[in-house]
Amino acid sequence: PMSAPPSVFIFFGNFSSQPFGKDSSDVAEYKRNFDALADLILEFPQLHEGGSKFLFIPGPTDPGAQVLPRAPLPKYFTSKLREALGAKRVRSEDGRGWKKIPSRVSFSTNPCRLRYFTQEIVLFRDDVLNRMRRNCIVPPALDEAFEEEEVGGVGGGDGGGDDDDDDDETGRVAGAASRASVVTEHLVKTVLDQGHLSPLPMAAVPVRWAHDCSLRLYPLPDLLLMADHYDSYHSAYKGTVALNP
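Residues numbered from 1 in each chain as written. Predicted model: local features only at pLDDT ≥ 70, side-chain atom pairs only at ≥ 80, totals over all residues. Heavy atoms only, no water.

## A short note on the layout of surface pockets
In step 1: Its volume calculated, the largest pocket comes out at about 430 Å³.
In step 2: Taken together, 20 residues line the largest pocket, and the ones lying closest to its centre are Met132, Cys136, Ile137, Val138 and His186.
In step 3: Breaking the lining of the largest pocket down by element, the ones donating at least two residues are helix H4 (128-134) and helix H6 (162-194).
In step 4: By residue number, the principal contributor to the lining of the largest pocket is H6, which donates seven residues.
In step 5: Within the lining of the largest pocket, the residues separate by chemical class into 14 nonpolar, four polar and two charged.
In step 6: Lining the second largest pocket, in full, are Ser7, Val8, Lys53, Phe54, Leu55, Ser103, Arg104, Val105, Ser106, Leu114, Arg115 and Tyr116.
In step 7: For the lining of the second largest pocket, the secondary structure elements donating two or more residues are strand S2 (53-57), strand S5 (105-107) and strand S6 (112-116).
In step 8: In terms of residue class, the lining of the second largest pocket is made up of six nonpolar, three polar and three charged. (1 Å grid on protein atoms, 1.4 Å probe; cavity = no way out; pocket = protein on both sides within 12 Å on 5 of 7 lines; lining within 4 Å. Points joined across faces, edges and corners; volume = space filled by probe spheres on them. Helix = DSSP H or I, 4+ residues; strand = E, 2+ residues; numbered from the N terminus. Nonpolar A, V, L, I, M, F, W, Y, C, P; charged D, E, K, R; others polar.)

## Some words on the side chain of Asn110
In step 1: Here Asn110 is to be found in the loop between S5 and S6.
In step 2: At 3.2 Å, the side chain of Asn110 forms a polar contact with the backbone oxygen of Pro58.
In step 3: Ignoring any residue separated from it by four or fewer positions in sequence, one finds Asn110 in contact with Ile57, Pro58, Leu68, Pro69, Arg70, Leu123, Phe124 and Arg125. (Polar contact = N/O pair within 3.5 Å; in protein donor to acceptor, adjacent residues only side chain to side chain. Contact = heavy atoms within 4.5 Å.)

## A look at the sheet that holds strand S1 (residues 8-12)
In step 1: One open sheet accounts for three strands, arranged S1-S2-S5; its pairing is parallel. Two strands bound the open sheet, and with one partner strand each, they are S1 and S5. In this sheet, neighbouring strand axes are inclined to one another by 15 degrees on average, regardless of whether the strands run parallel or antiparallel.
In step 2: Direction of pairing for S1 relative to S2: parallel, over a ladder of five bridges. Of the residues in S2, the one forming a bridge with Phe9 is Phe54.
In step 3: Sitting on the sheet, helix H3 (residues 75-85) touches S2 and S5, and the angle it makes with S5 is about 145 degrees. (Pairing = 2+ DSSP bridges. Axes fitted to C-alpha atoms, helices over the stretch in contact; angles between N-to-C directions.)

## Quick look at the sheet that holds S6
In step 1: Within the open sheet, the five strands sit side by side as S6-S7-S8-S10-S9. Their pairing is mixed. Strands with a single pairing partner mark the edges of an open sheet, and in this sheet they are S6 and strand S9 (233-237). This sheet shows a mean twist of 20 degrees between the axes of neighbouring strands, independent of strand direction.
In step 2: With five bridges joining them, S9 and strand S10 (residues 240-244) adopt antiparallel strand pairing. Looking across to S10, one finds that Ser235 is bridged to Ala242.

## Observations concerning helix H1 (residues 26-42)
In step 1: Compared with an ideal rise of 1.5 Å per residue, which puts 17 residues at 24 Å, H1 spans 24 Å between its outermost C-alpha atoms and is within 8% of the ideal.
In step 2: If you check which residues of H1 are buried, you get Asp26, Tyr30, Lys31, Phe34, Asp35, Ala38 and Ile41. For H1, the buried positions fall inside an angular range of 170 degrees around the axis, keeping them on one side.
In step 3: In this structure, the buried residues of H1 make contact with helix H2 (45-48), S2 and H3. (Expected span 1.5 Å × (residues − 1). Buried < 20%, exposed > 50% of the residue type's maximum accessible area, 1.4 Å probe, protein only. Arc of directions from axis to C-beta.)

## Overview of the packing of aromatic side chains
In step 1: Here the structure, examined in full by the defined rule, presents 13 aromatic pairs.
In step 2: Where Tyr30 meets Phe77, the ring centres are 5.0 Å apart and the plane angle is 75 degrees; that geometry is what we call edge-to-face. Highlighted residues: Tyr30 in helix H1 and Phe77 in helix H3, separated in sequence by 47 residues. Taken individually, Tyr30 and Phe77 each receive the classification buried, so the pair is uniform in this respect.
In step 3: Ring centres of Tyr76 and Phe77 lie 5.5 Å apart, and the angle between their planes is 75 degrees; this geometry places the pair in the edge-to-face category.
In step 4: One aromatic cluster in this structure is built from Phe9, Phe11, Phe15, Phe20, Tyr30, Phe34, Phe54, Phe56, Tyr76, Phe77 and Phe107.
In step 5: The positively charged end of Lys31 is found above the aromatic ring belonging to Tyr76, 5.7 Å away from the centroid. (Phe/Tyr/Trp six-rings, centres within 6.5 Å; stacked < 30°, edge-to-face > 60°. Lys NZ or Arg CZ within 6 Å of the ring centre and 35° of its normal.)

## Brief notes about H3
In step 1: Residues Phe77, Thr78, Leu81, Ala84 and Leu85 constitute the buried set of H3. Buried residues of H3, viewed axially, fall in a sector of 100 degrees; they line one side. Exposed and facing more than 90 degrees away from the buried side of H3 are Lys75, Tyr76 and Glu83.
In step 2: On its buried face, H3 is in contact with H1, H2, S2, strand S3 (88-91) and S5.

Now the structure itself:
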């Protein structure tokens, strides 16, 4: 038995393996899959009756306009989940009155903010890193260690033996890891220094101008969770922990 279930389950889109709207059967299949998820969650009463909450944040190819901030998932697709885990009134244990059970499910905008006690958490789902790299003005400079490993692997060595091959392979792996770290740290630093989740031109990322304030990061949050289509990373900058799960 789960004695202490998680406080919240966070589900990031995309919620379909193919972009929504590519096929005429997408609407029915999308709703059917969310209905199946509702049935699955109801099989574990220790979760939804134990206080766990379920948060759904849409992804880039989910139903809705391709513009930031993204609206919540349409109610048509999530009606069964809302009914199963939504707020309701039930009879009290003594049978004399009614008690209200709060909603256990939320369908949020993208991005959204979550407050956990005194911690402010910003949740954002987008392919941020690839967008930023395509529109990068000053590319991230690779650290010297990566350059030395790459040069040593190509022209170094004293005889080209098996040991040299092993060293070359180790240098390439370490260099790739170092390069990925530089790129992600450059992304985190750019986003936090700009104080905006998408500091890109409107032609690259359309933004609802009236709601641009929801993309701003001032003051900086305690945790910035950028669910990106990229390898996981964990970084800390200016008191903010930034990570990609």
